[in-house]
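# Architecture at a glance
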Amino acid sequence: MTRVKPHPKAWLAGLAGAGTVAATVLMATFSTGASASVATHSHARPHVLAKHVSPFGVGASRAARHVSRRPAAARAVVPNTPIEWVSNSLPVGTNRSCTNPGFSTISAALAVAPAGATVRVCAGTYQEQLAITQSVSINARGAVTLLLPATPSDTVTSCDTDGGAQPNQDVVDICGSAPGTQVTITGFTIEGNWPSDVCNDSLYGVAVLGGANLTMSNSTVEDIGGDPLTDGCQGGVGIEVGLAQTGTTADTGSATLTNDTVKSYQKNGITVDGTGSSATMTGVTTIGAGPSPAIAQNGIQISDAATATISGGHVSGNECSLTNVCGPDSFSQTQSCGILLYDAGQTSVSSVTVSGNDLGIYNLEGYAQTYYAPPATLPTQALTSLALANRYENVYFDEGNATFTSSHLSNGNQGIEMGQASYQTSPSVVSAMSDTITGAAQDAVFVGSDGVSGDPAINLTAGHSKLDTSNGGGVVNQSTSILNIKNDWWGDVNGPSGWNFGAGSSVSSDVDFFPWATSSALTAFETCTGPTNGRATTSGTDVVLCAKKGTANNYLANTGSGSVLLVGNAGSDQLIGSSTGETWIIGHAGTGNNVINGNNGTGFIQERGDTNDTVLNASGYTVAPS
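Worth saying up front: this structure is predicted, and the values here are computed from it rather than measured. (Residues numbered from 1 in each chain as written. Predicted model: local features only at pLDDT ≥ 70, side-chain atom pairs only at ≥ 80, totals over all residues. Heavy atoms only, no water.)

## Description of the nonpolar core
Grouped burial of nonpolar side chains is what soluble globular proteins tend to show. With 99 residues, the main nonpolar core has Val-172, Ile-174, Phe-188, Leu-214, Met-281 and Phe-404 as its most contacted residues. The contact partners of Ile-174, leaving out residues within four places of it in the chain, are Ile-132, Val-183, Ile-185, Val-206, Ala-207, Val-208, Leu-209, Ala-212 and Leu-214. Leu-545, Val-564, Leu-575 and Tyr-621 belong to the second-largest nonpolar core, a separate cluster that totals 13 residues. (Core = buried A, V, L, I, M, F, W, Y, C linked by side-chain atoms within 4.5 Å. Buried < 20%, exposed > 50% of the residue type's maximum accessible area, 1.4 Å probe, protein only. Contact = heavy atoms within 4.5 Å.)

Here you go:
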């Protein structure tokens, strides 16, 4: 996979946004001093009023009662929450309403609002940057647009220094000045106003830093950074929550985002970055620019040990179209990503639609950088009930651990892809269960490898899933590992084609595909004939003979003219083909000395890496590399 890490601030010193190429990181150079990356930006419920129900029952009324007279209890004293009113369409008045406001700018109201205050902003467009350092609630009263000034400041708060040589520029700068700073924003449109060709890697619509927490709902963040169709610099993030500083420290932030939209960003829609940073996103939509000849965008990025829970919502429009740089080859070309988990902490993604991106979801863990130190135990990312329909790969598992369940993957080139490569420091361990993959132009599941000796072993289990013939291929395994793809529906009652006698979606060697489902409902599964006293033979067709696990010296033979699958185990078995039929022979990996005798017939043989096996009379067979 072409892998590009979010570049740390240290790289930026004196570069003014220039792209950097590292020896182990492939980066696509775009415009002058600019670069595209598959990965990352440079760094890194509305309240529902319940209907009142009478305690005496629905429709009941409360009759007067006689009660003994007691002194009335003293009413609790509730401190008044200060409310500041802002309008730039009427003269400043007595601060009581939109028709009688106390301030003409939001910044002026924030400057005097004590912690815990509410700022109500009346309909209009306000061209200003907000510096928020205290707990405050900011609510739109009507259509409110907050627009970046034509000449923005990069010293609004102390958190702006996170940008190093390029200090942060933000439309909304939330910088916690005390532990537990809580900021609420509701109903806003937050809009950037940078030149279309700006080259700055520290531009944000909303930045949440200094340990602050943001709760934002029903708001839109748009036009952040330069023009993503022409500007290849790696700045422009809609919402940035936290920033990694070193491998063990970060300027932290946290956020709860509900029913928000982030669009027309230059690099990333939403980034959550650094140890201690976190976000909960519900019903959030991020929309990229579509095919861009200038930059590889990402919809949502969780990185450098930050954690997140993402549910509902839609991520789309992140595609890169630069000729000879971006493209479908995940090993050599750059791609845009819908949801990017790059050295992320524990993250769950559920019930999200990810469509119209180059790559739907990408997971990489354990990749050390100067600003990220991998933990001793990597988290297991949980991806559940997703709808994925993307241009190239729907989901790519690079390094680390993940569960991928109950999801529907459609179209694109690959459904699930995994990589095995020499750069990996940890293997990819994935359990993909109860998924449906349809319409993949190439393969439902593809495991690629660079073929370098000593590559980490792939560990993939994909069970009780549907991999039918609407896909160009079923499962292709180029790695040195054996894939566990059992109890799946391949589109045919006799299972997969290729290395089996079925007519379903094809399967390559080194894939454990037996037993397979014999119904698309996944309620019935193929059975095998086991040995009696160590022997099992058949003269039938479309029959499976299986060696009994845990025993040695089994004898399995095709004695007829039909198609037969012989499945051995790690014992010293004899697996005998037919001279007149076609036989598929699988000698499972182990230390036993299996004898595989093709009997001068035709068929397919897999030794599964057991170099102790003896293969005889197999000139008419296709033999997989051992």
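## Focus on the layout of surface pockets
One way to see where empty space is left: roll a probe the size of a water molecule over the atoms. Estimated volume of the largest pocket: approximately 220 Å³. If you go around the largest pocket, you meet 15 residues; those closest to its centre are Lys-486, Phe-514, Lys-549, Val-567 and His-588. Split by residue class, the lining of the largest pocket holds 8 nonpolar, 3 polar and 4 charged. (1 Å grid on protein atoms, 1.4 Å probe; cavity = no way out; pocket = protein on both sides within 12 Å on 5 of 7 lines; lining within 4 Å. Points joined across faces, edges and corners; volume = space filled by probe spheres on them. Nonpolar A, V, L, I, M, F, W, Y, C, P; charged D, E, K, R; others polar.)

## Concerning the confidence of the model for the protein chain
Averaged over all residues, the pLDDT of the protein chain equals 87, while 87% of them reach at least 70. Under a pLDDT of 50 for its full length, residues 3–78 has, in the predicted model, 177 contacts with residues more than four places off or in other chains. (pLDDT = per-residue confidence, 0-100.)

## Points about the pattern of salt bridges
Here the structure, examined in full by the defined rule, presents 5 salt bridges. The partner of Arg-608 in a salt bridge is Asp-510, with the nearest N and O atoms 3.9 Å apart. Of this pair, Arg-608 sits in the loop between strand 50 (602–606) and strand 51 (614–616) while Asp-510 sits in the loop between strand 41 (504–507) and strand 42 (511–512), placing them 98 residues apart in sequence. Both residues of the pair, Arg-608 and Asp-510, count as buried. Here Arg-608 ties to Asp-512 by a salt bridge, and the two come within 2.5 Å at their closest N and O atoms. With Arg-608 in the loop between strand 50 and strand 51 and Asp-512 in strand 42, this pair connects stretches of sequence that are 96 residues apart. Through salt bridges with shared partners, one network takes in Glu-319, Asp-358 and Arg-391. (Salt bridge = Lys/Arg side-chain N within 4 Å of Asp/Glu carboxyl O. Helix = DSSP H or I, 4+ residues; strand = E, 2+ residues; numbered from the N terminus.)

## Describing the state of the cysteines
The final tally for this structure, using the stated rule, is 4 disulfides. The disulfide bridge from Cys-98 ends at Cys-122, spanning 2.0 Å between sulfur atoms. Every disulfide takes its handedness from the sign of the S-S torsion; for Cys-98 and Cys-122 that torsion is -95°, giving left-handed. Pair noted here: Cys-98 is in the loop between strand 3 (83–86) and helix 1 (106–112) and Cys-122 is in strand 4 (residues 117–127), with a separation of 24 residues, a long-range link. We classify Cys-122 as buried; its relative accessible area is 3%. Here Cys-320 is linked by a disulfide to Cys-326, with a sulfur-sulfur distance of 2.0 Å. With the S-S dihedral at roughly 60°, the linkage between Cys-320 and Cys-326 falls on the right-handed side. (Disulfide = S-S within 2.5 Å.)

## As for unusual backbone geometry
Residues Phe-514 and Pro-515 are joined by a peptide bond in cis, for which omega reads 5°. Tracing the chain through its elements places Pro-515 in the loop between strand 42 and strand 43 (535–538). For Asp-223, which is not glycine, the phi torsion reads 55° and is therefore positive. Along the chain, the position of Asp-223 falls in strand 11 (residues 220–224). Even without glycine at this site, Asn-599 takes up a positive phi of about 60°. When you line up the elements, Asn-599 lands in the loop between strand 49 (595–597) and strand 50.

## A look at the pairing of strand 11
Pairing geometry for strand 8 (residues 182–191) and strand 11, over 3 bridges, is parallel. Note on strand 11: the bridge partner recorded for Ile-190 is Val-221. Pairing of strand 11 with strand 16 (residues 261–265), which is carried by 4 bridges, proceeds in the parallel orientation. Across the sheet, the residue bridging to Glu-222 is Lys-263, located in strand 16. (Pairing = 2+ DSSP bridges.)

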